[in-house]
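# A look at the structure
Residues per chain, in single letters:
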Amino acid sequence: MLAGLTAGAVEDAEARAARRPLADLERAALAQAPALDALAALAPADRVKIIAEVKRASPSRGDLAEIPDPARQAALYEQGGASAISVLTEGHRFKGSLADLEAVKSRVSIPVLRKDFIATPYQVLEARASGADLVLLIVAALEQPLLQQLHDLVSELGMTPLVETHSRDELARATDLGAQLIGVNARNLSTFELDRDLFGELAADFPDGAIKIAESAVLAPADVAHYRSAGADAVLVGEALVTGDPVSTLHAFLAAEDAGAAEERAAR
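The structure presented is a predicted model; accordingly, all values stated were derived computationally and were not measured.

### Things to note about the overall build of the protein chain
- Per the secondary structure count, the protein chain includes 13 helices and 10 strands.
- In terms of overall size, the protein chain behaves like a compact globule, its C-alpha atoms giving a radius of gyration of 17 Å where 268 residues would be expected to give roughly 18 Å.
- Projected onto the principal axes, the alpha-carbon positions of the protein chain cover approximately 65 × 40 × 35 Å.
- A buried classification covers 55% of the 268 residues belonging to the protein chain.
- Considering only contacts within the protein chain whose residues lie at least 6 apart along the sequence, 68% involve residues at least 24 apart.
- For the protein chain, the computed accessible surface area is about 11300 Å², with 50% contributed by carbon and sulfur atoms.
- Between the averaged position of the 25 positive side-chain charges in the protein chain and that of its 40 negative side-chain charges there is a distance of 4 Å.

What follows is the structure, encoded as structure tokens:
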């Protein structure tokens, strides 16, 4: 599944490259205002932080929400207390686009992540030209030399790489990159199976100083509390926010630690 999604995203990027020369894209990327500091926005704090996702569909769940106005959706996320916005830009299985990213970036004042299957420098330049502050890099989809090249390019353009892992070996590869923002996705993108406990199993292996992001399997405040208790600095949430009221859901998720602490006291 992951290989197919990555190949499709690269094919789509090549089609766009045929219409927009690399030199033109580079000029547009360099003309953008400097990227926002995502590391500061997601730095460890007294409470968990939320990366809220604009997500219409997924291969595992099918259609989730139409989201005719992604900018409005993102504005509600910011209103609800999100620290960053993730925008799916893959067009086939997730029904997103770079236009969604540009619309969101024009509306919010917090960092915006391009979430896609990035495997070429052209896609990284597209992200910056569209205003992205962060770019997702999936370790499982990339050989280490290409992963390093893309990681370095994202950083050179002033953006922050979010390096996504799914195993201890992949976390070691992220560490070798010098990654400062590392995610653990509970969903295995090869099988699409979920393991909510994976983050906790890997948390102790994060490099010193890296910001810990837990991804997927977040449907209720208890899931946020579970990740926070395992050491997550931030949690990426998609489905739960697009299928319900985003503001009230975010408020509930951000209060999850208080609820979790109360449950722990009651259990003693």
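Now that the structure is up, let's keep going.
### Observations regarding the packing of helix α2 (residues 22-31) against helix α6 (residues 121-129)
- At their nearest, the axes of α2 and α6 sit 8 Å apart, and the two run at 40 degrees to each other. On the basis of their axis angle, the class for α2 and α6 is oblique. The hand of the α2/α6 crossing is left-handed. In this structure, α2 uses Leu22, Leu25, Glu26, Ala28 and Ala29 to contact α6, whose residues at the interface are Tyr122, Leu125, Glu126, Arg128 and Ala129.
- Counted by class, the contact of α2 with α6 contains seven nonpolar, no polar and three charged residues.

### Regarding the pattern of salt bridges
- Here the structure, examined in full by the defined rule, presents 12 salt bridges.
- Here Arg16 ties to Glu126 by a salt bridge, and the two come within 2.5 Å at their closest N and O atoms. Here the residue Arg16 occupies a position in helix α1 (residues 2-19), and Glu126 occupies one in helix α6, the gap between them amounting to 110 residues.
- Accessibility expressed as a relative area gives 5% for Glu126, which makes it buried.
- Asp63 serves as the salt-bridge partner of Lys95, at 2.7 Å between the closest nitrogen and oxygen. One end of the pair, Lys95, is in the loop between β4 (84-88) and α5 (98-107); the other, Asp63, is in strand β3 (residues 62-63), and 32 residues separate them in sequence.
- Residue classification places Asp63 among the exposed residues on the basis of a relative accessible area of 56%.
- A network of salt bridges, in which partner residues are shared, links Arg16, Arg114, Asp116 and Glu126.

### Quick word on the sheet that holds β4
- Strand order around the closed barrel formed by eight strands is β1-β4-β5-β6-β7-β8-β9-β10, with parallel pairing between neighbours. Averaged over all pairs of adjacent strands, the angle between their axes in this sheet comes to 25 degrees, without regard to strand direction.
- Bridge count between strand β8 (residues 181-185) and strand β9 (residues 211-215): five bridges; the pairing is parallel. Across the sheet, the residue bridging to Ile182 is Lys212, located in β9.
- Each of β1 (49-54) and β4 is contacted by helix α4 (residues 70-80), which is oriented at about 165 degrees to β1, the strand it contacts most.

### Comments concerning the confidence of the model for the protein chain
- This prediction gives the protein chain a mean pLDDT of 94; 96% of its residues lie at or above 70.
- Taken together, the stretch residues 264-268 has pLDDT below 50 and engages in zero contacts with residues farther than four places along the chain or on a different chain.

Rules of the game
- Residues numbered from 1 in each chain as written.
- Predicted model: local features only at pLDDT ≥ 70, side-chain atom pairs only at ≥ 80, totals over all residues.
- Heavy atoms only, no water.
- Helix = DSSP H or I, 4+ residues; strand = E, 2+ residues; numbered from the N terminus.
- Rg over C-alpha atoms; globule rule 2.2 N^0.38 Å.
- Buried < 20%, exposed > 50% of the residue type's maximum accessible area, 1.4 Å probe, protein only.
- Contact = heavy atoms within 4.5 Å.
- Areas by Shrake-Rupley, 256 points an atom, 1.4 Å probe, with all protein chains shown as cover.
- Lys, Arg positive; Asp, Glu negative; His and termini not counted.
- Charge placed at Lys NZ, Arg CZ, Asp CG, Glu CD.
- Axes fitted to C-alpha atoms, helices over the stretch in contact; angles between N-to-C directions.
- Parallel < 35°, antiparallel > 145°, perpendicular 65-115°, else oblique.
- Left-handed = near helix turned anticlockwise from the far one by under 90°.
- Nonpolar A, V, L, I, M, F, W, Y, C, P; charged D, E, K, R; others polar.
- Salt bridge = Lys/Arg side-chain N within 4 Å of Asp/Glu carboxyl O.
- Pairing = 2+ DSSP bridges.
- pLDDT = per-residue confidence, 0-100.

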